[in-house]
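Reading the structure
Okay, here's what each chain looks like letter by letter:
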Amino acid sequence: MSRVPRPSKFRYRRGEPVRLIEMSPIVLAGVLLALVVGLCAIWAVLHWHPSAPTAPPGGTWPDRTMTPGAADPQLTGTAVCDHDWGAGAPPEAGAGDLTYSKAARHTSAALKDEVFAEYNLVNPHDGGQSYEVDHLIPLSLGGLDVRENLWPESRLGDGMNAWAKDRLEYRLFRLVCDPPPGVPHLALSEAQAAFTPDWVAGYHKYCTADADCPEFGAH
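Predicted model, so just to flag it, every value in this text is computed and none were measured.

Along its length, the protein chain carries six helices and four strands. Sequence-ordered secondary structure for the protein chain, helices as α and strands as β, is α-β-β-α-α-β-β-α-α-α. Buried residues in the protein chain amount to 33% of all 219 residues. Of the roughly 14100 Å² that the protein chain leaves accessible, carbon and sulfur atoms contribute 60%.

Next up, the structure:
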């Protein structure tokens, strides 16, 4: 006996499209929701950019009793922007062809070990991957390369680490030496004050937008 085929759930009529799948309203709503979420995720990935760091890790702030900061009192105006410095402690104006930062830098390995020891840390000697023996007042802004201006600042983790401070330093150097058109020069004393007593507060003051203090190499 031949089997009688079951009647189809869908009947085809001439001129009508064949419906292969029929969805309930709940299933259809779920599919549309998944599609919207997927499109939003794609948009977020295409438009994502790093935000300004906010969470300070260990080593963000120096101990003020050991690292109060020190600046070269001979610097005035925009002299720190010149390229005529001779190496020394402190550097000598008009005695060479170096930037102030290069002329002032002479931190010895022994001094770095001393800085770590005073902060009860062991120098990892890992090429600066974990810590940067940093100058509280940057050399580029007239800071001195002396013990009172140094502390081991963390380079690890997200947030207000050594890399964020480097971006603030570059921002303030540009405001002192080469501000954008229409922006007045920032006084050197004001730039130095941004790092004492709290450079994180200085970051939030001068890096209010990501574009103000971008990551190095970012456009």
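With that settled, the discussion passes to the state of the cysteines. Applying the stated criterion across every chain, the model contains two disulfides. Here C81 connects covalently by a disulfide to C177, the sulfurs 1.9 Å from one another. Measuring handedness by torsion sign, the sulfur bridge of C81 and C177 sits at about -85 degrees and is left-handed. Taken as a pair, C81 in the loop between α1 (25-47) and β1 (85-86) and C177 in helix α4 (residues 162-177) lie far apart in primary sequence, 96 residues in all. Here C207 engages in a disulfide with C213; their sulfurs sit 1.9 Å apart. Between C207 and C213, the S-S dihedral sits near -70 degrees, and the bridge is therefore left-handed. Judged by relative accessible area, which is 5%, C207 ranks as buried. Taking the relative accessible area as the measure of exposure, C213 reaches 5% and is therefore buried. Counting only the cysteines that take part in disulfides, in the order they occur along the protein chain, gives the pairing 1-2, 3-4.

Tallied over the full model, the rule gives two aromatic pairs. Ring geometry for W85 versus Y100: centroids 5.0 Å apart, planes at 90 degrees, classification edge-to-face. Here W85 is found in strand β1, whereas its partner Y100 is found in helix α2 (residues 100-104), with 15 residues between them in sequence. Classification of W85 as buried rests on a relative accessible area of 2%. According to the relative accessible area criterion, Y100 is buried, its value standing at 0%.

Side chains that carry opposite charge are capable of pairing whenever their charged atoms lie near each other. What the rule picks out here adds up to six salt bridges. A salt bridge links E118 to R147; the shortest N-O distance between them is 2.7 Å. Taken together, the residues span a long stretch of sequence, with E118 in helix α3 (residues 109-118) and R147 in the loop between β3 (131-135) and β4 (150-154) at a distance of 29 residues. One network of salt bridges, in which partners are shared, links D134, K165 and E169.

Rules used in this analysis
- Residues numbered from 1 in each chain as written.
- Predicted model: local features only at pLDDT ≥ 70, side-chain atom pairs only at ≥ 80, totals over all residues.
- Heavy atoms only, no water.
- Helix = DSSP H or I, 4+ residues; strand = E, 2+ residues; numbered from the N terminus.
- Buried < 20%, exposed > 50% of the residue type's maximum accessible area, 1.4 Å probe, protein only.
- Areas by Shrake-Rupley, 256 points an atom, 1.4 Å probe, with all protein chains shown as cover.
- Disulfide = S-S within 2.5 Å.
- Phe/Tyr/Trp six-rings, centres within 6.5 Å; stacked < 30°, edge-to-face > 60°.
- Salt bridge = Lys/Arg side-chain N within 4 Å of Asp/Glu carboxyl O.

What is shown is where atoms sit, not what they do.
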